Amino acid sequence: MANSGLEVLGATIFVLLCVGMGLTLLALIRLMTKVVLKTEKHKEGKDAPYECGVPLLGDARTRFGVRFYLVALSFVLFDVETVFLIPYAVTFKQLGREGLYAVLIFVAILALGLFYELERGLLTWSDSESEDAPAPSEALPAAGHGH
Amino acid sequence: MLSLGLDASAVGWKLLPVLLVFGAVLAVVPLLVYLERKVCAWIQNRVGPNRVGLLGPDGLAQGVLGFSGGGKRILGGLLQPLADAIKLISKEDFIPAQADKFLFSLAPFFALLPPFLTFVVVPVGADLTFGGTTVPLIVADLGVGMLWVLSVSSLAAYGVQLGGWASNSKFSLLGGVRATAQMISYEITMGLVLLSVFMHYDSLSLREIVQAQATYFDPLLGRLAANGLGSWGVWHQPLAALLFVICAFAENNRLPFDMPECEAELVGGYHTEYSSMKFGMFFQGEYIAMLAMGAVISTLFFGGWHYPGYASVAAASPNLAALISLAVLGAKVMIFVLFQMWVRWTLPRFRYDQVMELGWKVLIPLALVNLVVTALVNL
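Parameters at a glance
Residues numbered from 1 in each chain as written. Chains lettered and ligands numbered in written order. Predicted model: local features only at pLDDT ≥ 70, side-chain atom pairs only at ≥ 80, totals over all residues. Heavy atoms only, no water. Helix = DSSP H or I, 4+ residues; strand = E, 2+ residues; numbered from the N terminus. Buried < 20%, exposed > 50% of the residue type's maximum accessible area, 1.4 Å probe, protein only. Contact = heavy atoms within 4.5 Å. Buried area = accessible area lost by both parts, 1.4 Å probe. Salt bridge = Lys/Arg side-chain N within 4 Å of Asp/Glu carboxyl O. Polar contact = N/O pair within 3.5 Å; in protein donor to acceptor, adjacent residues only side chain to side chain. Nonpolar A, V, L, I, M, F, W, Y, C, P; charged D, E, K, R; others polar. 1 Å grid on protein atoms, 1.4 Å probe; cavity = no way out; pocket = protein on both sides within 12 Å on 5 of 7 lines; lining within 4 Å. Points joined across faces, edges and corners; volume = space filled by probe spheres on them.

Q: I'm lost on the overall build of chain A in this one. Help?
A: A tally of helices and strands in chain A yields four helices and zero strands. Counting from the amino terminus, helix and strand elements in chain A follow one another as α-α-α-α. When burial is assessed residue by residue, chain A has 29% of its 147 residues classed as buried. For chain A, the proportion of contacts with a sequence separation of at least 24, taken over those separated by at least 6, is 48%.

Given below as structure tokens:
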């Protein structure tokens, strides 16, 4: 790294180019609709979000599965773990065996946490995973054979 | 500017790799769109786009000049991406009622930007030399290169999450939430994998990582220079390479991990409500992400721009060697892009719970084991 200022400058120019391109595209899209095409007409049915063509059933800003939150929380935990491991990865040769043992304990505690989370049902996505759920063929009503 | 201690000519030469990388990515993306449709057609035994070409009936030459080229279609369909772009840009930019207008417009921007930014730290070729000035073909040789890759690729989750939430559509919301959960789950593995790769090379700079893999079989010398192709990262970190490729698929939301937009369940997923070029931006973002992942995979595990015989060519003509190195990296990236397409049109989709189980129960433990083993081996 001869000149870190130059590298940062290069990165900055590149980022600005990309941002500029993205914003230009967005501006162009609005311009086309508003000025060139003038196709923007508002009607109740047209403005509604897509729901297979039937009348909307309530708002989309509704509750969704709590498991997504659990995954997000676990992600924060493990991402912080990755961040904690970066300093070790930078210095692991200097730290030697002692550092390795420390990291092994750290990783072991986290692995234990992961195991506990999984045991408590972090990834149990549906109730039908239990063994007494009916097989799909049994659950289906008898289809009409004689039409 | 002056306080940074930069001289004008150095800044001027820096523009060369910046514009080269930016232009190359922009130029290749439409070709990838065409290629994906052709590859898909070959795999499914169809013809694919074959009309909007240059020569032949229905071609541009006939439309503009009245020249039919003897009735044979040559490279038919090559202009399909152009036709697609014209179609997309001339569609109405639809924003659903009750959508968050600002976030709705911001989301495609965030889908397009992060994969582009990955290229900042990827060395695309050997150094060019112009009259004593050495121009490294890399946008920015940052000392924290690999952390840049990690942080930029995690930004991509914002695009899908914002798009899914802002649309005020149930399909979009479900697609966005699924995508976010999937991407953050696989990001942990990706971070751990990058850490072990970093420990192996003892450097975070992608430029130094390529140089570390720079030993090869030299056909002109007729012997191995250092330890041959064996210096490719994939031989030293095979598990890391495998995990990284899997995570790349998951991060790009490509099949078999295309939960966020699985058509059969969620219509279009997070971009159900998007039309016009805003949809096009999501679409482009996906192809740039494929390119970016191909570039990172080939740089970390497959020698980057290096090729057998580089030293001999460089001794004769450094600039020629640099140009070949550009082509070599391009070829390696294309191989991985084609691999991603091949997988997409071959494998069926996972179920969502299978995706999450693979991520948390298999990949994260494997990545942790890989990290510890790397530490043990390199200590």
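Q: Is there a simple way to think about the interface of chain A and chain B in this case?
A: With 68 residues of chain A in contact, the opposing surface of chain B contributes 84 residues. When chain A packs against chain B, close to 6,700 Å² is buried across both sides, 78% of that on carbon and sulfur atoms. Ranking the residues of chain A by area buried against chain B places A:Phe14, A:Arg61 and A:Phe92 at the top, with a combined share of 11%. In this structure, the connection of chain A to chain B is made through three salt bridges. At the boundary of chain A and chain B, one finds three residue pairs in polar contact (both at pLDDT 80 or more). Put simply, the parts of the chain that give the side of chain A that touches chain B at least two residues each are α1 (4–37), α2 (44–47) and α3 (66–119) of chain A. Ranked by residues supplied to the side of chain A that touches chain B, first place goes to α1(A) with 23 residues. Across the side of chain A that touches chain B, the residue classes tally to 44 nonpolar, eleven polar and 13 charged.

Q: Can you walk me through the layout of surface pockets in this structure?
A: In this approach the atoms are scanned with a rolling probe the size of a water molecule, which exposes any empty space left behind. Size it by volume and the largest pocket reaches roughly 970 Å³. Secondary-structure elements contributing two or more residues to the lining of the largest pocket are α1 of chain A together with α1 (8–43), α3 (80–89) and α11 (276–301) of chain B. The residue inventory of the lining of the largest pocket, partitioned by class, reads 24 nonpolar, six polar and eleven charged.

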